[in-house]
Amino acid sequence: MKRLTSMTLPWLAIALLAMGWNPTLSLSAESKPMFRAYTLSTLNRVNYHRHLAGADPVSLQSQISAAAQAHADYLTLHQNAAHEEIYGLSGFTGQWSSNRMTYQGYKWSAAGEVISFGNDAQAGVDSLIAAIYHRFILLNPAYSEIGIGDADHAISTLCQVIDLGQPADISPPAATMTLYPADGQTEVPTTFNSNDEIPDPAPNHGLVGYPVSIQFSAEHNVTLSSFTISKKGTSDPDLDTILLQPGSNSSMPLSNRNFALIPTSPLQADSTYEVFFSATVNGAPFVTSWNFTTSLPAVLMVTPNPATLTLGKARELEITGGSGSFKAGWTSSKDILSLDWASSGSAMLITPKALGTATITLTDTSTQAVVKIPVTIISEAVPLSGSQKLVPGWNLLTLPLTSTDTSVTQIINDIKNQVTSIWTWSGNTWAVYLGPTNENEAADGGAQYAASKNFGILTTLTPGEGFWLNATSAATLNYSGSSPADPTLALAPSWNLVGLKTTKHTPIGEVAYSFEKTITSLWSWHNAQWAVTLPTEYDGGAGYAKSKGFDLLQTIEPGQGFWVNADN
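Attention here is on the structure that accompanies the text. (Residues numbered from 1 in each chain as written. Predicted model: local features only at pLDDT ≥ 70, side-chain atom pairs only at ≥ 80, totals over all residues. Heavy atoms only, no water.)

## Looking at the environment of Pro392
Structurally, the position occupied by Pro392 is in the loop between strand E23 (384–390) and strand E24 (393–398). Beyond its immediate chain neighbours, meaning those up to four positions away, Pro392 contacts Ala471, Thr472, Ser473 and Ala474. (Helix = DSSP H or I, 4+ residues; strand = E, 2+ residues; numbered from the N terminus. Contact = heavy atoms within 4.5 Å.)

## Some points on the pairing of strand E32 (residues 519–526)
Here E32 pairs with strand E36 (residues 561–566) via 4 bridges, running antiparallel. Pairing of Ser521 across the sheet is with Asn565, part of E36. (Pairing = 2+ DSSP bridges.)

## Things to note about the sheet that holds strand E13 (residues 272–281)
Backbone hydrogen bonds hold the strands of a sheet together, and the pairing may be parallel or antiparallel. Taken in spatial order, the 3 strands make up an open sheet running E10-E13-E14, and their pairing is antiparallel. With one partner strand each, in any of the chains shown, strand E10 (222–231) and strand E14 (284–293) form the two edges of the open sheet. Averaged over all pairs of adjacent strands, the angle between strand axes in this sheet comes to 15°, irrespective of strand direction. Looking at chain direction, E10 and E13 are connected through 9 bridges and run antiparallel. Bridge pairing in E13 places Thr228 opposite Phe276. (Axes fitted to C-alpha atoms, helices over the stretch in contact; angles between N-to-C directions.)

## As for the environment of Met301
Position of Met301 relative to the elements: it lies in strand E15 (residues 301–303). Here the alpha-carbon distance between Met301 and Thr320, two residues 19 residues apart in the chain, equals 5.3 Å. Once you skip the residues sitting within four places of it in the chain, Met301 turns out to touch Glu318, Ile319 and Thr320.

## Observations regarding the nonpolar core
Of all hydrophobic cores here, the largest spans 51 residues; its most connected members are Phe227 and Phe277. Within the second largest apolar cluster, 23 residues are counted, among which are Ile319, Leu339, Leu362 and Ile373. (Core = buried A, V, L, I, M, F, W, Y, C linked by side-chain atoms within 4.5 Å. Buried < 20%, exposed > 50% of the residue type's maximum accessible area, 1.4 Å probe, protein only.)

## Considering the pairing of strand E21 (residues 356–364)
As paired strands, strand E18 (residues 325–331) and E21 are joined by 6 bridges and run antiparallel to one another. Of the residues in E21, the one forming a bridge with Lys327 is Thr363. Where E21 and strand E22 (residues 370–378) come together, 8 bridges link them in antiparallel fashion. Bridge pairing in E22 links Leu362 to Val371. Where E21 folds back onto E22 in an antiparallel hairpin, the turn is made up of 5 residues, including Gln368, whose phi is positive at roughly 65°.

## A word on the sheet that holds strand E28 (residues 466–471)
Read from one edge of the open sheet, 5 strands run E24-E28-E25-E26-E27, paired in mixed fashion. Each edge of the open sheet is held by one strand with a lone partner, namely E24 and strand E27 (456–457). Alignment of strand E25 (residues 419–426) against strand E26 (residues 429–434), held across 6 bridges, turns out to be antiparallel. Each bridged residue has a counterpart across the sheet, and for Ile422 the counterpart in E26 is Tyr433.

## Observations regarding the side chain of Gln560
The topology assignment puts Gln560 in the loop between strand E35 (555–556) and E36. We classify Gln560 as buried; its relative accessible area is 10%. From its side chain, Gln560 meets the backbone nitrogen of Glu557 in a polar contact 2.8 Å long. (Polar contact = N/O pair within 3.5 Å; in protein donor to acceptor, adjacent residues only side chain to side chain.)

## Looking at the side chain of Thr398
Tracing the chain through its elements places Thr398 in strand E24. The class for Thr398 is buried, based on a relative accessible area of 1%. From its side chain, Thr398 meets the backbone oxygen of Glu465 in a polar contact 2.6 Å long.

Pasting the structure below:
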């Protein structure tokens, strides 16, 4: 039996054009960045593309930054995504970006704005460069200054406003021409989804080739004669393209200094293309040509592969690489699963319907790359197991699996004579278990001792709890069970002693930004050494850790407990 469906992966983009030179684009998000580092990364990425294109770099300007920050706060406050602000609403500082710059005291001769929603600075700027109307703003040679505003957004995780300006008392760079992709540039993307930009630069086309553009500074008056793109080293004719020039789109008026070609089909990977442009510029003939080379095909991958699913429990298989346009189907001797696309747009959603095996085939419709995923559907989760090596003294641990018997005595039964004590922290109080070798144990697991100190009596250990274990000698703590049904952790304000409910090695960025609360620090203890990360610091706490002789916490290992300090 076979099921077949197709899709084009979106950027989860909301692209709203307010007016003139103010398009908006959003990029799907995975984790909250540290704002200062994000701002600098954004600035560096903008200037990276401007350098490639032949434009002068832009520098951060405090008044423009204040205008950008105010608008980011406004959009977050009203859960909006537009360039226009409405007079009378809270946070209003000006209707358009130029008004907001004026409000902050910036005297401009040129002003523009782009907005993105997402968390990766490089990917965010790259997506704006791919979207041709946004590119014309970011690469405009008329701008020399920039402001960047960031704010948490209830819908899109992070709102970033990028405003650009040119001081009224300083002439913009003259005799400037920008080309993009640049002459000799490599690793150029092959595709752009025109549906992700409003107004759509290629209506009714969807996935198209990567746009090619040329842009002149303000003193140029340009009348186009010819603008073509062809694959180098072949006798193939010029590519079929959509030409953007003055008058080509009434919703986004272009000056007579901005021109772009959008190939109607994706470019071929690992190929060199030649661009030819001729025009009359300020009354004189002008001809230029350049070439660029596209990137190697992105490796198409699906995770996990192979996949084991539990009957009745839907699971997402994550897709990475490829062009973004896919179709998927599956084969089996009977009807055992249903296949759909996850709401995130970057995964297949598989719902098991019967026991058995099947093979899912994912095909990249642009490159024709194929990945096959063997799937096994079982009736219940296969029992999992793991172990933690203990050192003499203190160990900071957690149990990542749900055991059928959660009693402390059962969990440590194999090493009970090597355990002096176990401690957990919850509700601003300690709970303790004392092992048989502890002088205060009194054959009651430490109950009398706990009562005398107003501590809680620790009798069980469950996933999500972190705990200190004091061992008399090196030992191995073995555990077994199933993956917890709910992998999330609930945090109280201030200090929490927790552990991840997973047997995966988890990057600290994924941990720090998975909580609803703002995390100020995370601490782990391994081999008698503290490791720390400070998510709100621009360097993640690297400088602080070095100054104190701590390690920088970069990964949470399976079974590793850790402290989390959360804001109210």
